[in-house]
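Observations on the model geometry
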Amino acid sequence: MTQDELKQAVAKAAADYVAANVPPGSIVGVGTGSTANFFIDELAKIKDRVAATVASSEATKKRLEGHGIKVLDLNEVSRMPVYVDGADEITAKLEMVKGGGGALTREKIVAAVADRFVCVCDQSKLVGTLGSFPLPVEVIPMARAYVAREVEKLGGQPKLREGFVTDNGNLILDVHGLAITDPAGFETRLNQIVGVVTNGLFACRGADLLLLATPDGVRSMTR
């Protein structure tokens, strides 16, 4: 199977999960990225079961609305049973690196509101140790150089994502050269650097369920 075929399979499995486990008339959180886009297309097939969605990026909002799916501002939502999103890397403990698409801050906020985080990935994203994929760190523009120096002290090699501005008007430093053996601890440490909005480690609040696409079918994994 091609990678797109794997993404399509896991997106369908996620839509089936929503149909089977989320009460009709609920609000569904939707992530950002290529696998999330496949999920949006599948969600459109059952959109009558969903009252509305919350989008983690402007791109996701546009795709949802293109399917005629209502999108709410998160401030209008007090409870959301599920958030569905992909990951750039994920471990068997369901700790993740996210933010390859630059939407990590909004993804982390929407995930925080959801009762359950369902991660959808193909098998290439499952790793033993996080860090091979450069870790995105969203920074306030004036703090870019300072944050880069502080990240270097922690052993990382930060590189500015050229020509990119987040939906929040900030910059992304992609940190190379890491082997993250304590994801929750490192997530907290990075977030304590002044000028960091947040980083792409989702370990303090990891996924609750991983739907993992393989050539033999979609596997379910929990912590």
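Because the structure is predicted, anything quoted here is derived from the model rather than measured. What you see as residue numbers is a count from 1 along each chain, following the sequence as written. In view of the model being predicted, local features appear only for residues whose pLDDT reaches at least 70, and side-chain atom pairs are presented and counted only at 80 or more, with totals across whole chains, interfaces and linings using the full set of residues. Neither water nor hydrogens contribute to the side-chain values; these are computed over all heavy atoms in the structure.

Digging into the pairing of strand S13 (residues 209–214)
For S13, a buried count of 6 out of 6 residues is recorded, marking the element as mostly surrounded by other parts of the structure. Alignment of S13 against strand S14 (residues 217–222), held across 6 bridges, turns out to be antiparallel. Paired with Leu211 across the strands is Ser220, a residue of S14. Here, a strand pair is defined by DSSP locating no fewer than two bridges between the strands. Each helix corresponds to a stretch of at least 4 residues labelled H or I by DSSP, and each strand to a stretch of at least 2 residues labelled E; elements are numbered beginning at the N terminus. Joining the antiparallel neighbours S13 and S14 is a turn of 2 residues. To sort residues, take the accessible area from a 1.4 Å probe on protein chains only and compare it with the maximum for the residue type: under 20% means buried, over 50% means exposed, and anything in between is partly exposed.

Details of the pattern of salt bridges
One side-chain nitrogen of Lys or Arg within 4 Å of one carboxyl oxygen of Asp or Glu is enough to make a salt bridge. All told, the structure shown has 13 salt bridges when counted by the stated rule. Asp115 is the partner of Arg79 in a salt bridge, and the nearest nitrogen-oxygen pair spans 2.6 Å. Here Arg79, found in the loop between strand S3 (71–72) and strand S4 (80–85), pairs with Asp115, found in strand S7 (residues 114–122); they are 36 residues apart in sequence, far enough to count as distant. On the accessibility criterion, Arg79 (55% relative accessible area) is exposed. Here Asp174 makes a salt bridge to Arg161, at a shortest N to O gap of 2.7 Å. Of the two residues, Asp174 sits in strand S10 (residues 171–176) while Arg161 sits in the loop between strand S9 (157–160) and S10, which places them 13 residues apart along the sequence.

A look at the layout of surface pockets
Left-over empty space is what a probe sized like a water molecule reveals as it rolls over the atoms. In this analysis a 1.4 Å probe is tested at points of a 1 Å grid over the protein atoms alone, and where it fits but cannot get out there is a cavity; an open set with protein on both sides within 12 Å along at least five of seven lines is a pocket; lining residues have an atom within 4 Å of a point. Grid points are joined across faces, edges and corners, and a volume is the space filled by probe spheres set on the points. Here the largest pocket defines a volume of roughly 270 Å³. Every residue lining the largest pocket is counted, 13 residues in all, and those nearest its centre are Ala55, Leu72, Asp73, Leu74 and Arg106. Broken down by secondary-structure element, the contributors of at least two residues to the lining of the largest pocket are strand S2 (50–55), helix H3 (58–66), S3 and helix H4 (104–113). It is H4 that contributes the most residues to the lining of the largest pocket, 3 residues altogether. Partitioned by chemical class, the residues of the lining of the largest pocket number 7 nonpolar, 2 polar and 4 charged. Volume-wise, the second largest pocket comes out at about 180 Å³. The element best represented in the lining of the second largest pocket is helix H2 (residues 34–43), accounting for 3 residues. By the convention adopted, Pro, Cys, Tyr, Trp, Phe, Met, Ile, Leu, Val and Ala count as nonpolar, Lys, Arg, Asp and Glu as charged, and the other residues, Gly among them, as polar.

Notes on H2
Where burial is concerned, most of H2 is hidden: 7 out of the 10 residues are buried. Those residues of H2 that fall on the buried side of the exposure criterion are Thr35, Ala36, Phe38, Phe39, Ile40, Glu42 and Leu43. In this analysis, two residues are considered to be in contact whenever any of their non-hydrogen atoms come within 4.5 Å of each other. Looking at the buried side of H2, the elements it contacts are helix H1 (3–21), strand S1 (26–30), S2, H3, S4 and S7.

So, the side chain of Arg161
A relative accessible area of 16% means that Arg161 is categorised as buried. For Arg161, the side chain forms a polar contact with the main-chain oxygen of Gly99, separated by 3.2 Å. Excluding residues that lie within four positions of it along the chain, Arg161 makes contacts with Gly99, Gly100, Gly101, Gly102, Pro136, Ile172 and Asp174. Here a polar contact means two N or O atoms within 3.5 Å. Within protein one must be a hydrogen donor candidate and the other an acceptor candidate, and residues neighboring in sequence count only if both atoms are side-chain atoms.

Looking at the sheet that holds strand S6 (residues 96–97)
An order of S5-S6-S12 is seen for the 3 strands of this open sheet, with the pairing classed as antiparallel. Strands with a single pairing partner mark the edges of an open sheet, and in this sheet they are strand S5 (89–90) and strand S12 (201–202). Here S5 runs beside S6; their pairing, made up of 2 bridges, is antiparallel. When the bridges of S6 are listed, Glu89 appears paired with Val97.

Thoughts on the pairing of S1
Put simply, side chains in a regular strand alternate between the two faces of the sheet. Most of S1 sits inside the fold, with 5 of its 5 residues counted as buried. The two faces of S1 match: Ser26, Val28 and Val30 on one face and Ile27 and Gly29 on the other face are all buried. Alignment of S1 against S2, held across 5 bridges, turns out to be parallel. Along S2, the bridge assignment pairs Val28 with Thr53. Between the parallel elements S1 and S2, the chain passes through H2 in a crossover that is right-handed. Pairing analysis gives 3 bridges linking S1 to S4, with the strands arranged parallel. Of the residues in S4, the one forming a bridge with Val30 is Val84. For a crossover, the right-handed case is the one in which the path from the first strand over the helix to the second runs clockwise, viewed with the strands pointing away from the viewer.

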